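What follows is the residue order along each chain.
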Amino acid sequence: MVVLVGLLKKCNEYLRLMLFMAALLAGVQLPGFVQQYEDAVLAHLAEARLALAPFERDARIHTQGDVTALIKRYQQNSDAAVRDGAASIQQLQQRVIYLEQMAEQLQANALVRGWYALLQPDSELFAEVQSYYDYRVPLNLTAIIWGLTCGILFAAVFDFVVALLVWMLPKRRSKSGA
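Every chain's residues receive numbers from 1 upward, in the order its sequence appears when written. Reporting in this predicted model follows two pLDDT cut-offs: at least 70 for local features of residues, and 80 or more for side-chain atom pairs to be given and counted; totals over whole chains, interfaces and linings ignore these cut-offs and use all residues. Values shown for side chains rest on all heavy atoms present in the structure; no hydrogens or waters enter the calculation.

**Student:** Talk me through the layout of surface pockets; I want residue IDs and the actual numbers.
**Tutor:** Every definition here rests on a 1 Å grid over the protein atoms only: cavities are sets of points where a 1.4 Å probe fits but cannot get out, pockets are open sets enclosed by protein on both sides within 12 Å along at least five of seven lines, and lining residues have some atom within 4 Å of a point. Grid points are joined across faces, edges and corners, and a volume is the space filled by probe spheres set on the points. The calculated volume of the largest pocket comes to roughly 500 Å³. Forming the walls of the largest pocket are 13 residues, and the residues nearest its centre are Val5, Leu8, Lys9, Val166 and Leu169. Helix and strand definitions follow DSSP, with helices as H or I runs of at least four residues and strands as E runs of at least two, each counted in order from the N terminus. Residue contributions to the lining of the largest pocket peak at five residues, all from helix H1 (residues 2–62). Class assignment of the residues belonging to the lining of the largest pocket gives a composition of nine nonpolar, one polar and three charged. Within this model, the second largest pocket holds a volume of roughly 160 Å³. Taken together, 12 residues form the lining of the second largest pocket, with Pro31, Gly32, Gln35, Arg113 and Thr142 sitting closest to its centre. When contributions to the lining of the second largest pocket are tallied by element, the ones reaching two or more residues are H1, helix H4 (110–119) and helix H6 (141–168). Sort the elements by how many residues they give to the lining of the second largest pocket and H1 lands first, with five residues. Here the nonpolar group is Ala, Val, Leu, Ile, Met, Phe, Trp, Tyr, Cys and Pro; Asp, Glu, Lys and Arg are the charged ones; every other residue, Gly included, is treated as polar.

Put into structure tokens, the structure is as follows:
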């Protein structure tokens, strides 16, 4: 019985170490993933701005720079093709605004950037970044801090769960005290 308890304790130690290392490696990856997510947001923003630019130019000429007024003019046009174009311009304008808000959120500190990129991302952009992510290991201070934090947190949660399970197990009474 003593051998079995010792073996279980040793397995627990190895499992804890493996979880710590897995969390450490995952944590080291987070800054690189967040950076790639931010790069994707900025690339899509640049593309959307480029697509909207001709309409902004037209708005400066015809509606004193007001793209919304230009959209209304398109909507009031007698030509159906021009009216349909208003919806496209409006979608471009909304896309630029949406991506600018996302880019602004990603200009904060590392914790806030991680929150927005990992827990509140745009699902399309997240899937795009995930499919092209190269699992590099950037060993800079931010990556090391993220890695150690994740490792320690996972180890602490593991220790807490094990302690809770041990506490919940029924206690055996020794025969010598009876």
